[in-house]
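A look at the structure
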Amino acid sequence: MTSLSPASPRPFVALSGFRFRLWPILLAAVLMQAILELGRIPAREIYRAGAPLWDGYISVFLLLAIAFQALLGLAAILAMRRLLPAADPHLRWPPGASYVGIAFLIGVGMGLVMLVADYWPALAAQTAPDMSYSKAPLDSAGYLLGMITTGLAEETIFRGLLVGMLVVLVPGRLRIGALDLPVAAYLVALMFGLAHWKSFTVDPFYQAMAQQIYAFAWGLIYVWLMERSRSLLAPIVAHGMGNFTEVAIVIALNALWA
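Predicted model, so just to flag it, every value in this text is computed and none were measured. (Residues numbered from 1 in each chain as written. Predicted model: local features only at pLDDT ≥ 70, side-chain atom pairs only at ≥ 80, totals over all residues. Heavy atoms only, no water.)

1. Thoughts on the overall build of the protein chain
In plain terms, the rule: Helix numbers and strand numbers start at the N terminus; a helix is a DSSP run of H or I with at least 4 residues, a strand a run of E with at least 2. Only C-alpha atoms enter the radius of gyration; for comparison, a globular chain is expected to reach 2.2 Å times N to the power 0.38, where N is the number of residues. Relative accessible area decides the class of each residue, using a 1.4 Å probe on protein chains only: under 20% of the type maximum gives buried, over 50% gives exposed, and in between gives partly exposed. We call two residues in contact whenever any of their non-hydrogen atoms come within 4.5 Å of each other. Using a 1.4 Å probe, the Shrake-Rupley method yields the accessible areas, and only the shown protein chains count as cover for residues. The sign given to each residue is positive for Lys and Arg and negative for Asp and Glu; His and the chain ends receive no count. A charge is said to be at NZ when it belongs to Lys, at CZ for Arg, at CG for Asp and at CD for Glu.
Looking only at helices and strands, one finds 9 helices and 3 strands in the protein chain. Put simply, the protein chain runs from its N terminus to its C terminus through helices and strands in the order β-α-α-α-α-α-β-β-α-α-α-α. Relative to its length of 258 residues, the protein chain is compact, with a C-alpha radius of gyration of 20 Å against a globular reference of 18 Å. Dimensions of the protein chain along its principal axes, counting C-alpha atoms only, are 80 × 45 × 35 Å. Within the protein chain, the proportion of its 258 residues that are buried is 45%. Pairs at least 24 apart in sequence give 78% of the contacts found in the protein chain among residues at least 6 apart. Carbon and sulfur atoms form 71% of the exposed surface of the protein chain, whose accessible area is close to 13,300 Å². Each charge sign in the protein chain was given a centre, from 16 positive and 13 negative side chains, and these centres are 13 Å apart.

2. Digging into helix H6 (residues 183-194)
Test applied: To estimate how far a helix should reach, multiply one less than its number of residues by 1.5 Å.
With 12 residues, H6 extends 17 Å from end C-alpha to end C-alpha; this agrees with the ideal 16 Å at 1.5 Å per step. A large share of H6 lies buried, amounting to 9 of its 12 residues. Taken residue by residue, H6 has Val183, Ala184, Ala185, Tyr186, Val188, Ala189, Met191, Phe192 and Gly193 as its buried positions.

3. Quick look at the layout of surface pockets
Rules: A 1.4 Å probe that fits into a set of points on a 1 Å grid over the protein atoms alone but cannot get out defines a cavity; an open set with protein on both sides within 12 Å along at least five of seven lines defines a pocket, and lining residues are those with an atom within 4 Å of a point. Grid points are joined across faces, edges and corners, and a volume is the space filled by probe spheres set on the points.
Approximately 1,600 Å³ is the volume attributed to the largest pocket. Ser132, Tyr143, His196, Asp203 and Gln211 are the residues nearest the centre of the largest pocket, which is lined by 48 residues in total. Counting residues per element, the ones that place at least two in the lining of the largest pocket are helix H1 (22-49), helix H3 (58-83), helix H4 (100-125), helix H5 (137-169), helix H7 (199-202), helix H8 (205-229) and helix H9 (233-257). Among the elements that take part in the lining of the largest pocket, H8 stands out by supplying 7 residues, more than any other.

4. With respect to the pairing of strand E2 (residues 173-176)
As a reminder of what qualifies: Strand pairing is assigned whenever DSSP identifies at least 2 bridges connecting the two strands.
Summarising the sheet, strand E1 (residues 13-16) and E2 pair through 4 bridges and their orientation is antiparallel. By the bridge assignment, Leu15 is partnered in E2 with Leu174. Pairing geometry for E2 and strand E3 (residues 179-182), over 4 bridges, is antiparallel. Bridge pairing links Arg173 to Pro182 in E3. Turn length for the E2-E3 hairpin, with the two strands adjacent in sequence and antiparallel, is 2 residues, and the turn residue Gly177 shows positive phi of about 65°.

5. Considerations on the sheet that holds E1
Test applied: Under this scheme, a helix contributes an axis fitted over its contacting stretch, all axes are lines through C-alpha atoms, and angles between N-to-C directions fall in the 0 to 180 degree range.
Taken together, the 3 strands give an open sheet; going across it, the order is E1-E2-E3, and neighbouring strands pair in antiparallel fashion. The sheet terminates laterally at E1 and E3, the two strands that pair on one side only. For this sheet, the mean angle separating the axes of adjacent strands, direction not counted, is 15°. Contacts between H6 and the sheet are confined to E1, E2 and E3, with E3 contributing the most and set at about 80° to the helix.

6. Considering the side chain of His239
Stated precisely, the cut-off is as follows: Polar contacts here mean pairs of N or O atoms no more than 3.5 Å apart (in protein, one a potential hydrogen donor and the other a potential acceptor; neighbouring residues in sequence count only if both atoms are side-chain atoms).
With respect to the helices and strands, His239 occurs in helix H9. Within the structure, His239 has its side chain in polar contact with the side chain of Glu154 (distance 3.1 Å).

7. Examining the environment of Glu155
Of note, Glu155 is situated in helix H5. Separated by 83 residues in sequence, Glu155 and Ala238 have C-alpha atoms that sit 10 Å apart. Sequence-distant contacts of Glu155, defined by excluding residues within four places in its chain, comprise Gly160, Tyr222, Leu232, Pro235, Ile236 and His239.

Printed below as a string of structure tokens:
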């Protein structure tokens, strides 16, 4: 018999298969901070030891920190694979559609959003945005290289390690409208924003707050790309292009409006 009653409306928010555990969330937060900080220690020491060679170019420290953080993230993933075999860090070449083209365009869009959110007073006044590094061409080039490779470290840590771990230890999916992601994606996106807490000590409040908001949003998009491509490649591309786009425009505006 065919039912003539209308179908129940699909809820806008739905949580399924969720099991809350506090200790894995705390462990993920500790791992995040430890890897980020431990990666900076050897970078800082090498930078100081070789200061006469690079004459204070901040980009050298940035590139060293990215390299050490990426290596620590990979080491942590290797440990995770032994201790938690069910965890998937997505360290593979995309087995199907790579989503790299989409990730590239998403990254450019992210960069434009960050540019406006971070520098709208300067943009409105048509004055050069502040640069936190040397305006020397070589340092600017090094900084751009650091920006486009940032995802190698941060996506390995945040999406490969932390999301991979929490998907297993804090299972469940949260759907908000058409966005259906693991609960781990939301937890790590929040951590990703909080990882930028130091911006509150050095940047204007509006800029630091904007970074919290868009870092959370980008964290969700990176997991969306990771799940659909089944690889970290697309999130790495989007992350790098977002940072590169913003910094490249800041450098160009400083050259035009200085």
